[in-house]
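Tertiary structure, described
The residues making up each chain are set out below.
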Amino acid sequence: QQEPAPAATPPPLLSAGPEGFSLSSADKQYQLKLRGILQSDARFFAQGKERAGNNTFLLRRFQPTFEGTVAGLVDFRLQMDLAPNAQPVQDGYVELHPVREFRVRVGKFKAPVGLERLQPVTAMLFPEFALPTSLVPNREVGIQFSGDLSGSVLSYAVGAFNGSPDGGAADLNVDDNVELEGRLFAHPFRKSTVEALKGLGLGLAGTVGSEYGTLGATQEPTLRAEGQQTFFTYLTGTTLDATVVASGRHYRLSPQAYYFHGPLGVMAEYATSTQDVRRGSDEARLTHGAWQLSASYVLFGGKASYEGVKPFHSLLPSEGHWGAVELGARYSGLRVDPKAFPLYADPSRSANEAQSWGAVAHWYLSGNARLTFSVERTAFSGGAADGGDRPTEIAFFNRVQASF
Amino acid sequence: QQEPAPAATPPPLLSAGPEGFSLSSADKQYQLKLRGILQSDARFFAQGKERAGNNTFLLRRFQPTFEGTVAGLVDFRLQMDLAPNAQPVQDGYVELHPVREFRVRVGKFKAPVGLERLQPVTAMLFPEFALPTSLVPNREVGIQFSGDLSGSVLSYAVGAFNGSPDGGAADLNVDDNVELEGRLFAHPFRKSTVEALKGLGLGLAGTVGSEYGTLGATQEPTLRAEGQQTFFTYLTGTTLDATVVASGRHYRLSPQAYYFHGPLGVMAEYATSTQDVRRGSDEARLTHGAWQLSASYVLFGGKASYEGVKPFHSLLPSEGHWGAVELGARYSGLRVDPKAFPLYADPSRSANEAQSWGAVAHWYLSGNARLTFSVERTAFSGGAADGGDRPTEIAFFNRVQASF
Amino acid sequence: QQEPAPAATPPPLLSAGPEGFSLSSADKQYQLKLRGILQSDARFFAQGKERAGNNTFLLRRFQPTFEGTVAGLVDFRLQMDLAPNAQPVQDGYVELHPVREFRVRVGKFKAPVGLERLQPVTAMLFPEFALPTSLVPNREVGIQFSGDLSGSVLSYAVGAFNGSPDGGAADLNVDDNVELEGRLFAHPFRKSTVEALKGLGLGLAGTVGSEYGTLGATQEPTLRAEGQQTFFTYLTGTTLDATVVASGRHYRLSPQAYYFHGPLGVMAEYATSTQDVRRGSDEARLTHGAWQLSASYVLFGGKASYEGVKPFHSLLPSEGHWGAVELGARYSGLRVDPKAFPLYADPSRSANEAQSWGAVAHWYLSGNARLTFSVERTAFSGGAADGGDRPTEIAFFNRVQASF
């Protein structure tokens, strides 16, 4: 492309800096960005031996990524994750974008539902998701139509997907049914003259479909607290008579909101998931609900946003630059449908409610690197023998993150 | 490499455009190309619940790739595939190419046998391979010698490999035997003055070796129709007495031809695979055969070729460019050796013959993106209870493909 | 980054050549290197059918890598390996390097213990590691502090990690204990005026911790000879009463040295691993020891070093350049604690000692490509029925390696 060209083809462009690394043709019709995310954690628990998890170091995310554009009209994204227990393909999609108001995306990507789920993982306030995210889908495979109207005053996304268990990501359909999922999100005051209102976002998301599980793929979720210890599972066995499977309607609803202004960030999300389940000849329609409210404040050095804090300066003590520091807190809860017990879940092993409080501090060395310290305390109702409560979990997480 | 250099080292070259993204030294002795293929499918079946597969969305291929050259004499290619059920390493090879007439390739790569298999996957006429491809090897690990003689009038490739089950790719040898595989392919009229004959290619490929399977790795294939539903399996059990394993000679032969001229493309391939099998004390030499004939026509906007259609212009309606559109049809069949029944395969579950007809349409938005719609109907002989036939499969596939 | 910039931002830098392929900002604060290693092997054994392994071709390593720097202060490395049986993440770490004397590394990376393990895999003298490497950890997940003092006269590394079985790499902690690991390595004469002494390196490494295995993750190693055939395993069963698991203290010590001068290279390494094991109610503290001594000589065309031979010229026969050729030999041994038999290992299946001799030749086509031929003979004591010895293993390995 760059050898003695037939006259004046402008040379390709190279970019390397805080925004990442990329190659592109001079007319930007062909672009390739090389990206990566690396998160390395240390997890420690306050409790003794009776807890399920171990104190451990952990490579949490390892995500090299190719993304870009071909022929000026088709975007692509190949984001993998090779960390232990991660799905190897995170994002694998193609997007046609004739206009900003209408885009078509095909492949595997984040379902248009959860507020926290849709945030870039590099920007997550806490190392692990809040409880509502365990009731909404993770990645889905399918087709989505989306667009930004009136300069992002209103954004929409609606799609047809294979359908996943709550909190999960399924690569293949286990039944023949597609699941419809959609989300409306508004920044009603984006064009207002009142600066303090511009950063308010309000949304409503939902899914509707049917799911039928099998003995090998029950399509039922396992619920975990922020410390990643399981606190609720459906009953399983070696036969369908002893195993709870999805068996009919499945719908979710999630009102959600955020507000970002200067150093302040607030996010609120509620999610409810209703699903028909079956165990042998017993059937029920169960509804679980979860909620979270979080707030963060950038002490110095940057500005809060849904896409993450961008420090004004990278760390450079010799010039008095210390990056940015952000503090945050979160309250989160989840309530299991009481009808789940005891036919579909064992009350002496699965809790019926979890409530957690957490605090977090981030130090942004630059827009590409941050250190995180968090503590989160989750209390449970039920889940122990003789009607007792599962022991409270107190988890200390440290994270080092690099991204480009 | 590029800082204040000792005088006049010419700067490295960057390339970004329809041909992809690459870095290379000014003298082209060192090159790195960054490539990727993404295929996202939707599969729907006309039949009811009795079929094996599900309607599903599916990420079919997710293939980031590094390829290039070091020191001007060694090529390398690292092509992975992280899609579900794909082998993580597709191509992992090193090639020494002292001259065009003689190259040595070592590692894992496509076996030099099947015509459709050797075509770039981005150029495949139908979303899934025709039936002959299930009788020839997929990728093999080993060493290959190849070359193009007389300006590609004649090409040869011959190699020694671990050996794979029909249609399969084995990373490790399960016995001590290597399998010899080779292919001769001629373009007899490439240097002719008759333009219409230049695009004719004729070839003959084959393999010869011995294979001995084990209870854990039988080295026996599973045969699937284009809709990816299994229609033939050998008997398996928990002991060697109940399980069919490869047990001796294995050879394949595949005459093949193609013809490309202007908008027209035709491909024809026959494959036969003969293998000694054993189940307990029973032994037999079984020969399966398969064939396909396909034709395609570029309605407008491009030229047909074995490497795929390159549209004359990318989609740009404002200038009257609509990319390219291609239509195609395929007939394909496979006949299982009748001696396979009933000692080695169950006639009430495995069909003895499959025949399929299909039609396909492609819209090339550019050389880097295409949309595909196909339908394929496969009828079976045998494979159902009481001597009946397995139900006919009618599969509708859509595919969105991006590649660079 | 490169469009009509606000005045004179210097353009990013591109590099392509023997040192690899990279993009960086003009001030080098942001760098991305694209790397890869490909190793394709052929393994043949002299013995007959009674041996465990097969003659096979094998893709041994397939390692695309992103590495670089962001904001001038944080390095990152994402090295994957998709070869069969490899761990998908090899290196996944972030390193802060305020000064050369003090670096902090977090994530998954090579433990600071084994001399041969810490050598770049592209520089390994033999295709497979010597026996001491099977007693020291491979990769660990954790945090490490390291630095080079006085111009690498002394280097140190010390860290806290999850802990791994000998020779292994564990992604998650199976107990709550961290393992401390460290290494001191000196080049005492690096600043000497006696040229012949500068290349002498002496080191001492060790680990200390506690490990408690489970039925599913015993935390006990499997020992393999250079031909990759297992010659020692602990007893396992379906219950903890029949299975040997780690159960208490685990410490290792490894004195090590190398010497490189001109064409000559010598490496020596001793490793001892002591571990408390338990099987049912039986407990023991077992100590295994292993050693190796290797020497290599570059016949022509290059200079030996711990980081590998860099040929003076790439292969270019027309100018009389033939790359470089290196010959080497290695002696290696491992002795299992006699107390392991018969309570913890079966003397009729597991050998109590292995000793191996090997010879190797490398042809470096360039700094980026080499061909290797090796033979290694390993004799065993014990490991066969009736007090006999496991048959001697004679393994011929060929390797083709490309790296950038």
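Here the structure is a predicted model, which means the values were calculated and not measured.

This part takes up the overall build of chain A. Scanning chain A from N- to C-terminus turns up one helix and 22 strands. The C-alpha atoms of chain A give a radius of gyration of 23 Å, which matches the 22 Å a tight globule of 404 residues would have. Oriented by its inertia axes, the alpha-carbon framework of chain A measures out at about 80 × 50 × 45 Å. Taking all 404 residues of chain A together, 59% fall into the buried category. Across chain A, every contact between residues at least 6 apart in sequence was considered, and the portion connecting residues at least 24 apart equals 62%. Charge centroids of chain A, computed over 36 positive and 40 negative side chains, lie 4 Å from each other.

Further remarks concern the relation of the copies chain B and chain C. For the match of chain B to chain C, the screw axis carries a shift of 0.0 Å, the RMSD comes to 0.0 Å, and the turn is 120 degrees. On the angle and the small slide along the axis, the relation comes out as a three-fold axis. Identified as the residue of chain B closest to the rotation axis by C-alpha distance is Leu 14 of chain B, at 4.6 Å. A share of only 17% of the interface residues of chain B reappears at the interface of chain C, consistent with the copies meeting through non-equivalent patches.

Next up on the list: the interface of chain B and chain A. In this assembly, 46 residues from chain B lie in contact with 48 residues from chain A. A buried area of about 3600 Å², summed over both sides, lies between chain B and chain A, and 75% of it is on carbon and sulfur atoms. Its largest share of buried area at the contact with chain A, chain B owes to Leu 14, Phe 21 and Phe 57 of chain B, together 20% of the area lost on that side. Linking chain B with chain A are zero salt bridges.

Right, let's talk about the interface of chain B and chain C for a bit. Contact with chain B, which involves 48 residues of that partner, is made by 46 residues of chain C. When the two sides are added together, the surface that chain B and chain C hide from each other amounts to roughly 3600 Å², 75% of it contributed by carbon and sulfur. In terms of surface lost to chain C, no three residues of chain B exceed Tyr 30, Leu 78 and Asp 176 of chain B, which account for 18% of the buried area on that side. Viewed at the interface, chain C and chain B are joined by zero salt bridges. Our count for the chain B to chain C interface comes out at nine residue pairs in polar contact (both at pLDDT 80 or more).

Here the focus is the relation of the copies chain B and chain A. Turning one copy of the chain about an axis and sliding it along that axis gives the other copy, so a rotation and a shift relate them. When chain B is brought onto chain A, the operation consists of a screw motion whose angular component is 120 degrees and whose axial shift is 0.0 Å, with 0.0 Å RMSD remaining. In this assembly the copies use different faces: only 17% of the residues contributing to the interface of chain B also contribute to that of chain A.

Across all of its chains, the model carries 45 aromatic pairs over all chains by this definition. Ring centres of Phe 21 of chain A and Phe 404 of chain A lie 5.7 Å apart, and the angle between their planes is 75 degrees; on these two criteria the pair is classed as edge-to-face. Placement of Phe 21 of chain A in strand S2 (residues 20–24) and of Phe 404 of chain A in the segment after strand S22 (393–403) is noted, with a sequence separation of 383 residues between them. Given the relative accessible area of 2%, Phe 21 of chain A is considered buried. Among the aromatic residues, those joined into a ring-pair cluster are Phe 21, Phe 66, Phe 76 and Phe 404 of chain A, Phe 21, Phe 66, Phe 76 and Phe 404 of chain B together with Phe 21, Phe 66, Phe 76 and Phe 404 of chain C. Positioned above the aromatic ring of Phe 109 of chain B is the side chain of Arg 105 of chain B, whose terminal nitrogen or guanidinium carbon lies 5.3 Å from the ring centre. In this structure, Arg 390 of chain B packs its charged tip against the face of Phe 380 of chain B, placed 5.1 Å from the ring centre.

The next thing to look at is the side chain of Ser 296 of chain B. Residue and element names in this part refer to chain B. If you trace the backbone, Ser 296 turns up in strand S16 (residues 282–300). There is a polar contact of 3.4 Å between the side chain of Ser 296 and the side chain of Glu 326. Residues in contact with Ser 296, not counting those within four places in the same chain, are Leu 125, Pro 263, Leu 264, Gly 265, Glu 326, Leu 327 and Gly 328.

Right, let's talk about the pairing of strand S19 (residues 324–335) of chain B for a bit. The side chains of a regular strand alternate, first on one face of the sheet and then on the other. Residue and element names in this part refer to chain B. Sheet analysis places S16 next to S19, joined by 11 bridges and oriented antiparallel. Looking at the pairing, Gln 292 lines up with Ser 332 of S19. When S19 meets strand S20 (residues 351–366), the two strands line up antiparallel, connected through 12 bridges. Bridged to Glu 326 within S20 is His 362.

This brings us to the pattern of salt bridges. Tallied over the entire structure, the rule returns 66 salt bridges over all chains. Note that Glu 376 of chain A is salt-bridged to Arg 330 of chain A, the shortest N-O span being 3.3 Å. With Glu 376 of chain A in strand S21 (residues 369–382) and Arg 330 of chain A in strand S19 (residues 324–335), this residue pair connects regions lying 46 residues apart in the sequence. The class of Arg 330 of chain A is buried, set by a relative accessible area of 2%. The partner of Arg 60 of chain B in a salt bridge is Glu 128 of chain B, and the shortest N-O contact between them spans 2.7 Å. Within this pair, whereas Arg 60 of chain B is found in strand S4 (residues 56–70), its partner Glu 128 of chain B is found in the loop between helix H1 (115–118) and strand S8 (139–149), the two being separated by 68 residues in sequence. Bridged by salt links that share partners, the residues Arg 35, Glu 67, Arg 77, Asp 91 and Arg 139 of chain A form one connected network.

Residues and elements named next belong to chain B. On the surface, a cluster of nonpolar side chains totalling about 660 Å² of accessible area is made up of Leu 264, Tyr 297, Leu 299, Phe 300, Trp 322, Leu 327 and Trp 363. A total of three residues in the nonpolar patch trace back to one element, the largest contributor, which is S16. Among the structural elements, Leu 299 can be located in strand S16.

So, on to the pairing of strand S7 (residues 102–110) of chain B. All names here are of chain B. Along S7, eight of the nine residues are buried, which leaves the element largely enclosed by surrounding structure. Pairing geometry for strand S6 (residues 89–99) and S7, over six bridges, is antiparallel. Across the sheet, the residue bridging to Leu 96 is Val 104, located in S7. In terms of strand pairing, S7 meets S8 through eight bridges, oriented antiparallel. Following the sheet pairing, Lys 108 is matched in S8 by Val 141.

All names here are of chain B. The residue Ala 46 is located in the loop between strand S3 (31–45) and S4 in this model. Judged by its relative accessible area of 49%, Ala 46 is partly exposed. Spatially, the C-alpha atoms of Ala 46 and Phe 396 are 7.8 Å apart, while their sequence positions differ by 350 residues. Apart from residues lying up to four places away in sequence, Ala 46 is in contact with Ile 394 and Phe 396.

Here we take up the confidence of the model for chain A. Per-residue confidence for chain A gives a mean pLDDT of 94, with 97% of residues at or over 70. Low pLDDT, under 50, characterises residues 1–5 of chain A; the predicted model gives this stretch nine contacts beyond four residues in sequence or across chains.

Following the sequence through the fold, Leu 365 of chain A ends up in strand S20 (residues 351–366). For Leu 365 of chain A and Pro 311 of chain A, which are 54 residues apart along the polypeptide, the C-alpha to C-alpha distance reads 8.0 Å. Setting aside chain neighbours within four positions, we find Leu 365 of chain A in contact with His 313, Ser 314, Leu 315, Gly 323 and Arg 370 of chain A together with Leu 73, Val 74 and Leu 96 of chain C.

Counting through the fold element by element, Leu 286 of chain A comes out in strand S16 (residues 282–300). With near-sequence residues (within four places) excluded, Leu 286 of chain A lies in contact with Tyr 234, Ser 273, Thr 274, Gln 275, Val 277, Asp 337, Lys 339 and Ala 340 of chain A.

So, about unusual backbone geometry. Most peptide bonds take the trans configuration, and most residues that are not glycine carry a negative phi. With an omega dihedral of -5 degrees, the bond running from Phe 341 of chain B to Pro 342 of chain B counts as a cis peptide bond. Assignment of secondary structure puts Pro 342 of chain B in the loop between S19 and S20. We note that Lys 28 of chain C has phi near 65 degrees; this positive angle belongs to a residue other than glycine. Examined against the element boundaries, Lys 28 of chain C turns out to sit in the loop between strand S2 (20–24) and strand S3 (31–45). Under the relative-accessibility criterion, Lys 28 of chain C is labelled partly exposed at 29%. Of note, Asp 386 of chain C is a non-glycine position whose phi angle comes to about 55 degrees, a positive value. Here Asp 386 of chain C is to be found in the loop between strand S21 (369–382) and strand S22 (393–403). Exposure remark for Asp 386 of chain C: the relative accessible area of 82% places this residue in the exposed category.

What counts, and at which threshold
As a convention, each chain's residues are numbered from 1 in the sequence order in which they are written. Chain letters start at A and ligand numbers start at 1, both assigned in the order the entries are written. Given that the model is predicted, a residue must reach a pLDDT of at least 70 before its local features are reported, and side-chain atom pairs must reach 80 or more before they are shown or counted; all residues, however, enter totals for whole chains, interfaces and linings. Each side-chain value is derived from all of the structure's non-hydrogen atoms; neither hydrogens nor water enter the calculation. Under the DSSP-based scheme used, a helix requires at least four consecutive residues in state H or I and a strand at least two consecutive residues in state E, with every element numbered from the N terminus. Just to be clear, the radius of gyration here is over C-alpha atoms, and the globule rule we use is 2.2 Å times residues to the power 0.38. Relative accessibility decides the category of a residue: with a 1.4 Å probe and only protein chains considered, values under 20% of the type maximum give buried, values over 50% give exposed, and everything between is partly exposed. Any two residues having at least one pair of non-hydrogen atoms within 4.5 Å are treated as being in contact. Charge counting treats Lys and Arg as positive and Asp and Glu as negative, with His and both chain ends excluded. Think of each charge as sitting on NZ of Lys, CZ of Arg, CG of Asp or CD of Glu. Alignment of the copies relies on least squares applied to C-alpha atoms, considering only residues that score at least 70 for pLDDT in both. When two parts are brought into contact, each loses some accessible area as probed by a 1.4 Å sphere; the total of that loss over both is the buried area. Whenever a carboxyl oxygen of Asp or Glu lies within 4 Å of a side-chain nitrogen of Lys or Arg, that contact is scored as a salt bridge. By the criterion applied in these results, polar contacts are pairs of N or O atoms within 3.5 Å in which, for protein atoms, one can donate a hydrogen and the other can accept it, and in which residues neighboring in sequence qualify only through two side-chain atoms. Between 30 and 60 degrees the pair is tilted, below 30 it is stacked and above 60 it is edge-to-face, where a pair is any two Phe, Tyr or Trp rings, Trp via its six-membered ring, whose centres lie within 6.5 Å. Either the NZ atom of lysine or the CZ atom of arginine qualifies as a charge over a ring when it sits within 6 Å of the ring centre and within 35 degrees of the ring normal. Pairing between strands is defined by DSSP: at least two bridges between the two strands are required. A residue counts toward a patch only above 30% relative accessible area and without a salt bridge, and it is joined to like-charged neighbours within 9 Å or, for Val, Leu, Ile, Met, Phe, Trp and Tyr, to nonpolar neighbours within 5 Å. Note on areas: Shrake-Rupley with a 1.4 Å probe; residue coverage comes only from the protein chains shown. Confidence per residue, as judged by the predictor, is encoded in pLDDT with a range of 0 to 100.

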